[in-house]
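Inside the fold
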Amino acid sequence: MKPNIFFTADHHFGHENIIKFSERPFESLEQMNEELIKRWNERITDGDTVYHLGDMSLGKPDVTKDILDRLNGKIYLIKGNHEYSALRVADRFEWIKDYHEFSIEDEEAVHGKQKIILFHYAMRIWNASHHGTWQLYGHSHGTLPDDEMALSIDVGVDCHNFYPISYEEVKDLMKKKKWTPPFAPRS
């Protein structure tokens, strides 16, 4: 069985003030951490792939390690602006990068592959955006208005009921966009 692919961002484990800043529905830091772990593991199994688009944890490195050890899946980290602790437990990640481009085999996509750009921050334009490449980001905690004319979305937990979202869920969201290729083929 092929592993599932998930995307997420902005957990901010160990960051009590994010509850207030992002108006998260949690009574305490402990409740937030536990609920985020629970929702992660409800969706993700050990064999699944998770691309985390930054701001994993603001907790101390030992607390961050304990949380990471409880999370299912193979985690690939795109660095955000709050990675001090995650970088100190780098061996928990398959790799850590600033930016990543890759393709997923998908028979519904052009040429049978969907190209995706991963970055912590939203971009207005990205490599091959005019050819249908998707851009997934975090950082904004749902405060950035969605651009229905662009194939980009915020995959942060604040936008998705505190769950990571699957490739299929991202694909469904992209299908709702009004994006059209800017260059019409010539006859």
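Here's a quick rundown of the structure. Source: prediction; values computed, not measured. (Residues numbered from 1 in each chain as written. Predicted model: local features only at pLDDT ≥ 70, side-chain atom pairs only at ≥ 80, totals over all residues. Heavy atoms only, no water.)

**Here we look at the overall build of the chain**
What counts here: Helix and strand assignments come from DSSP, with helices taken as H or I runs of at least 4 residues and strands as E runs of at least 2, each series counted from the N terminus. Each radius of gyration reported is based on C-alpha atoms, and the globular scaling rule is 2.2 Å times the count of residues to the power 0.38. Relative accessible area decides the class of each residue, using a 1.4 Å probe on protein chains only: under 20% of the type maximum gives buried, over 50% gives exposed, and in between gives partly exposed. Note on contacts: a residue pair is in contact if any heavy atoms of the two residues lie within 4.5 Å. Areas reported here follow the Shrake-Rupley algorithm with a probe of radius 1.4 Å; residue values treat only the protein chains shown as occluding. His is not counted, nor are the chain ends, whereas Lys and Arg count as positive and Asp and Glu as negative. Lys charges are placed at NZ, Arg charges at CZ, Asp charges at CG and Glu charges at CD.
The number of helices and strands found in the chain is five helices and nine strands. Helices (α) and strands (β) of the chain occur, in sequence order from the N terminus, as β-α-α-β-α-β-α-β-β-β-β-β-β-α. Scaling as 2.2 N^0.38, a compact globule of 187 residues should have a C-alpha radius of gyration of about 16 Å, and the chain matches this with 17 Å. Relative to its 187 residues, the chain shows a buried fraction of 50%. Counting contacts in the chain only where the partners sit at least 6 residues apart, residues at least 24 apart contribute 57% of the total. Element-wise, carbon and sulfur atoms account for 50% of the exposed surface of the chain, whose accessible area totals about 10,200 Å². Here the chain contributes 23 positive and 31 negative side-chain charges, whose respective centroids are spaced 4 Å apart.

**Focus: the packing of aromatic side chains**
Note the following rule: Put simply, two rings from Phe, Tyr or Trp (the six-membered ring, in Trp's case) pair if the centres are within 6.5 Å, and we call them stacked under 30 degrees between planes, edge-to-face over 60, tilted for the rest. Two limits define a charge over a ring: the Lys NZ or Arg CZ must be within 6 Å of the ring centre, and within 35 degrees of the ring normal.
Evaluated as defined, the whole model comprises nine aromatic pairs. Ring geometry for Phe26 versus Phe162: centroids 5.2 Å apart, planes at 65°, classification edge-to-face. With Phe26 in the loop between α1 (17-21) and α2 (29-43) and Phe162 in the loop between β8 (152-154) and β9 (165-166), the pair connects residues that are 136 residues apart, well separated along the chain. By relative accessible area, which is 9% here, Phe26 ends up buried. Judged by its relative accessible area of 9%, Phe162 falls in the buried class. Taking 5.9 Å as the distance between ring centres and 65° as the angle between the ring planes, the aromatic pair formed by Tyr99 and Phe119 counts as edge-to-face. Of this pair, Tyr99 sits in strand β5 (residues 99-105) while Phe119 sits in strand β6 (residues 113-119), and the two are 20 residues apart along the sequence. With a relative accessible area of 23%, Phe119 lands in the partly exposed category. These aromatic residues form a ring-pair network of at least three members: Phe7, Tyr51, Tyr76, Trp95 and Phe102. Between Arg43 and the ring centre of Tyr163, over which it is positioned, the NZ or CZ distance is 4.5 Å. Directly above the aromatic system of Tyr84 lies the positively charged group of Arg88, at a separation of 3.6 Å from the ring centroid.

**Some thoughts on helix α3 (residues 61-70)**
Our working definition: Comment: arc refers to directions from the helix axis out to C-beta atoms.
By the burial criterion, the buried members of α3 are Thr64, Ile67 and Leu68. Looking straight down α3, one finds its buried side chains confined to an arc of 100°; they lie on one side.

**Concerning the pattern of salt bridges**
Threshold: Any Lys or Arg side-chain nitrogen found within 4 Å of a carboxyl oxygen on Asp or Glu counts as a salt bridge.
Under the definition given, this model contains 14 salt bridges. Put simply, Lys38 and Glu42 hold a salt bridge, and the shortest N to O gap is 3.3 Å. Residue Lys38 and its partner Glu42 are both found in helix α2; the two are separated by four residues, about one turn of the helix. The exposure class of Lys38 is partly exposed, given its relative accessible area of 42%. With a relative accessible area of 46%, Glu42 lands in the partly exposed category. Of the charged contacts, one joins Glu169 and Arg43 as a salt bridge, the two residues approaching to 3.3 Å between their closest N and O atoms. Of the two residues, Glu169 is situated in helix α5 (residues 167-175) and Arg43 in helix α2; the sequence distance between them amounts to 126 residues. Relative accessible area serves as the criterion here: at 29%, Glu169 is assigned to the partly exposed category. Here the salt bridges share partners, and the residues they tie into one network are Glu35, Lys38, Arg39 and Glu42.

Don't take any of this as a statement about function, it's just geometry.
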